[in-house]
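Coordinates in review
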Amino acid sequence: SEYPYPPYDPTDKSGFSYDTVVKRWPIILTGIIDTIYRIDHDISVSLPSLTAGSTEETQAQTKFAEGKAIIEKISQLKYDMARDRPLECIPADGEVYADEYNEVLNQLAEQKHNTWFTAPWLYAECYLYRLLRSFVTQTVHWKSFDPFYAQKEETFRGSSKAIYQLATTIHELDAEKQSIRDDRGKLAILFKEMIQMCLWGNATDLSLLTHMSHDDIAHLQTVGKEAQAARLEFILKDDQDKVISYLESLKDKDARVDFVLDNAGFELFTDFVFADFLVTYTPYVKKVVFHPKLIPWFVSDVTPSDFKSTIPSLFSESFFNPSNASGGPQQHEYLQKMVTRWQSYLDSGVFTLAVPVDTELGQSHPKGDFWTGPWPYWDLQEKAPELWEDLRGSSLVVFKGDLNYRKLTGDIKWPVTTPFETAVGSFGGVFPILSLRTNKADVVVDVPQEVADKLDAAGEKWRVNGKYALVSFLPRRA
Ligand code: F6P
Ligand code: MG
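1. Details of the packing of helix 6 (residues 160-175) against helix 12 (residues 266-281)
Axis separation between helix 6 and helix 12 bottoms out at 11 Å; the angle between their running directions is 5°. As judged from the angle between their axes, helix 6 and helix 12 are roughly parallel. The segment helix 6 lies against helix 12, with Ala162, Ile163, Leu166, Ile170, Leu173 and Asp174 engaging Phe266, Phe269, Thr270, Val273, Asp276, Phe277 and Tyr281.

Following this line, the structure appears as C-alpha cells:
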C-alpha cells in the first residue's frame, strides 16, 4: 500500500483484530439474529388474530419472511467469516458508497487480502456494518430497523446513577457561573473535569460489552473528582492544557465547536454536558454542531434517531428509575433543568445535528455519510469535499472514541512514539482537532517508548482493555 506501515489485520494472532474476528463479531452477529428471531416470533404469534387475506395479514407475512431471509444472510455471513472466505461485494442497494466499498475490496482481492482473516481490520469492520445495512435496506418492512436499538436503550437506562450525579455537578456550577467566567484558574480546573468526564464517557461502548459485565460498566461510569484523579495516570498522552490555552485564545471569537460523535446513551450524555459547559459556562463558544452516523454503526454509535430520542428520554418520568437519584428527588429537577436548556439550544440553533437535511429540526448540513465510509480521515478532502470545507469553519473538531482514533491514524502499525501530527497525515492542521479516546484497539501513537515498554513488561493489555486513554490535540496550521 501507499501507507508507511502495514494495517492492523487478523494475520497477527496476538492482535485485537484476531480476537475480534474469532469471538466478538460472531457474538454481535448472533445477537442480531436473536433480535430478529424474537420479532419474527411475535409476528407469527399475532398472525392467527389477523383477518385472513387482509392487507394487514399480508404485510405481517411479508415482514416475517423478510426477517427470516435476513437471518439466513447473517447466518451465512457468520459461516463465511469462520471459514476465512472472501468478503463479497456490497449489493447495489440504493444507499451510499456501495461502489466505493467494492472498489477497495477489488484492490484487496488483487493483494490477496480480501478474506475475513486477511483483510485490514479497519476496512473489514466498516464493511461489516455497511453489509448488514444492505440486508435491511433491500426489504420493504425492515428498512429502518436498528438491530442495536434495544441494547442502546437498556444501557442508557442503566446509567442513571452517573447521569443524576453529573446533573447535580452542573447544578452546583450554576451558583458560580459568573465567578467561573471571570476566574481563569477556576475555569481551567473545571475544563479539565469536563474533558475527562467526556473522555471516560467513551469507556462504555457496547461493541465491547461482549466481554464486559454491567458492573464493569457502572464502575467505568463513576464520575466525580476522586474517580477522575485516580484515573489521571491512565491518560498516557495528555494535551488538556494545550487545548485549554487554545480555547482561551478564542475569547470573543464566537467559536463553533464540532463533535464527531461516537456512542449513544451515556457517552452522548457526556458530550451534551461538555457542549453545554462550553456554551453556558465559558466565554469562548457560541455554537456546537454534532455529527452522528446515518446508519446503525459499530453497535452503539449515535444515529439521528438516537440523538433525537435522548432528550425526551432524559425528560421522561419513567425512563430512569427515580430511586437511582440517590441524592434525593431534587436531582431529578436538576436533570430536567439542564435538559430544558439543551432543548432550548437545539430550538435556537446553538446546538445543531449535522444531517443532510433534518426535517424535524429544519436544519441542513453538508453530507454526513463520510463517517460511515471505509476510509482513513486523511482521505476526507478527496472523498467529501463539502464536509471538509464545512469543517474548516470550525474552531475545534472533537473526535470521540476509539474508532475515530483508528480512522484519524489510519489504523496502521505506527511506532508508538510517532507524533500524532505525523500519524494524522494531511488531515492535520486544516482545522483544530481534539481526539478523546479510551484505548480499545492496537493503534497508539505519541506515547513515550519507556511508558509503552513498562506497560508491556507488566503484561498490561493497555492498548485494548479500555482502561487507558489518550487526549490528543492538534492546532490549525499557522
Ligand atoms: O475494540 C473493539 C471495538 O469494537 C473496535 O473495533 C472499535 O474501534 C471500538 O471498539 C469501538 O469503540 P468506540 O465506540 O470507542 O469507537
Ligand atoms: Mg462506537
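Next comes the rest of the write-up.
2. Section: the side chain of Asp93
In this fold, Asp93 is placed in the loop between helix 2 (55-82) and helix 3 (98-110). By relative accessible area, which is 13% here, Asp93 ends up buried. Among the polar contacts made by the side chain of Asp93, one reaches the main-chain amide nitrogen of Glu95 at a distance of 3.0 Å. At 3.0 Å, the side chain of Asp93 and the side chain of Thr137 are in polar contact. In this structure Asp93 touches Arg130, Ser134, Thr137 and Gln138, once residues within four positions along its chain are discounted.

3. A short note on the sheet that holds strand 3 (residues 285-291)
Sheet architecture is open: seven strands sit in the order 1-9-8-7-2-3-4, paired in mixed fashion. For this open sheet the edge positions go to strand 1 (235-238) and strand 4 (351-353), each flanked by a neighbour on one side alone. Taking each pair of neighbouring strands and ignoring which way they run, the sheet shows an average axis angle of 15°. Taken together, the three bridges between strand 1 and strand 9 (residues 469-474) define a ladder with parallel strand orientation. Bridge pairing in strand 9 places Asp238 opposite Val471.

Calculation criteria
Residues numbered from 1 in each chain as written. Chains lettered and ligands numbered in written order. Predicted model: local features only at pLDDT ≥ 70, side-chain atom pairs only at ≥ 80, totals over all residues. Heavy atoms only, no water. Axes fitted to C-alpha atoms, helices over the stretch in contact; angles between N-to-C directions. Helix = DSSP H or I, 4+ residues; strand = E, 2+ residues; numbered from the N terminus. Parallel < 35°, antiparallel > 145°, perpendicular 65-115°, else oblique. Contact = heavy atoms within 4.5 Å. Buried < 20%, exposed > 50% of the residue type's maximum accessible area, 1.4 Å probe, protein only. Polar contact = N/O pair within 3.5 Å; in protein donor to acceptor, adjacent residues only side chain to side chain. Pairing = 2+ DSSP bridges.

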